[in-house]
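# Residue-level structural notes
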Amino acid sequence: MLAAGRAEEALQVVEIALSRETRDSAWCDPPELDDAHFACLEALGREEGLRRSLWARFERCLCRGALRRLLKRLPDFDDVETEDRAREVVLLFSPIEAGLAFCFARPDLTLAAQLVLSRTEEIDGDAYEILTPAAEALSSAQPLAAVLIWRSMIEFALERARSSRYGHAARHLASCADADAAIGNYQGRPEHDAFIQGLRKAHQRKAAFWARVREASDGV
């Protein structure tokens, strides 16, 4: 329809589809229908509607493409204000792992660290595909945030008795030890020695894990 110059009809079709669509997972939201919507609005010259729709897609699923496209269409200073609003959306977005994925795709390590420090308890230690590279990326500039991510994966492995992950958890604990010297303030969280003591108290019978910890500390 767009190719035939029938943008108004195309928009009506898309809007009907949008009104009926169910979105089971905002994080995995398919972009095709929204892209068609954007194309219709752009063809009709409806700039304000296009900007609103681009922002709505970003707000719903942290779509980097929609945000980037929106920022390019904004005048000076408006784009700065919109970027500030976008950061606030990321800091509140659930699940937190989606927010972290957005931060590292940009990349924005400062925002990622702020997200980790403000919502540590929400981190899913099972999401190692995102958390492992996130901790590595943060380890130099934001060591406390990196440690909190490593700790979440360690605690998940031990609390769920995931023995297949004990080797990874032991290496994460060694990374926490390496980062400890660079952290002057744990901001009310247990320091490294206290964290280890807590692990030993809660999981002293997990001999396989502690054996891996000894191997990691010996460089095996």
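In this text the structure is predicted, and so the values were computed from the model without any measurement.

### Here we look at the nonpolar core
Among the nonpolar cores identified, the biggest contains 64 residues, and Phe-58, Ile-149, Trp-150, Ile-154, Leu-173 and Phe-209 are the most heavily contacted of them. Counting residues per element, this core draws most heavily on helix H9 (residues 143–159), at 11 residues. Among residues more than four places away in sequence, those in contact with Phe-58 are Cys-63, Ala-66, Leu-67, Ala-86, Val-89, Val-90 and Phe-102.

### Things to note about the side chain of Ser-152
Within the element layout of this structure, Ser-152 appears in helix H9. Each residue touching Ser-152, except ones within four places of it in the same chain, is listed here: Ile-123, Gly-125 and Leu-131.

### Describing the pattern of salt bridges
Within this structure, the stated rule accounts for 13 salt bridges. Note that Arg-46 is salt-bridged to Glu-8, the shortest N-O span being 2.8 Å. Of the two residues, Arg-46 sits in the loop between helix H2 (32–43) and helix H3 (47–61) while Glu-8 sits in helix H1 (residues 7–20), which places them 38 residues apart along the sequence. Residue classification places Arg-46 among the partly exposed positions, given a relative accessible area of 35%. Asp-34 is the partner of Arg-57 in a salt bridge, and the nearest nitrogen-oxygen pair spans 2.8 Å. Note that Arg-57 is positioned in helix H3 and Asp-34 in helix H2, a separation of 23 residues in sequence. With relative accessibility at 6%, the residue Asp-34 sits in the buried group. Residues joined in a network through salt bridges with shared partners are Glu-42, Glu-47, Arg-51, Arg-69 and Arg-73.

Rules of the game
Residues numbered from 1 in each chain as written. Predicted model: local features only at pLDDT ≥ 70, side-chain atom pairs only at ≥ 80, totals over all residues. Heavy atoms only, no water. Core = buried A, V, L, I, M, F, W, Y, C linked by side-chain atoms within 4.5 Å. Buried < 20%, exposed > 50% of the residue type's maximum accessible area, 1.4 Å probe, protein only. Helix = DSSP H or I, 4+ residues; strand = E, 2+ residues; numbered from the N terminus. Contact = heavy atoms within 4.5 Å. Salt bridge = Lys/Arg side-chain N within 4 Å of Asp/Glu carboxyl O.

Functional significance is not addressed by these values, which are geometric in nature.
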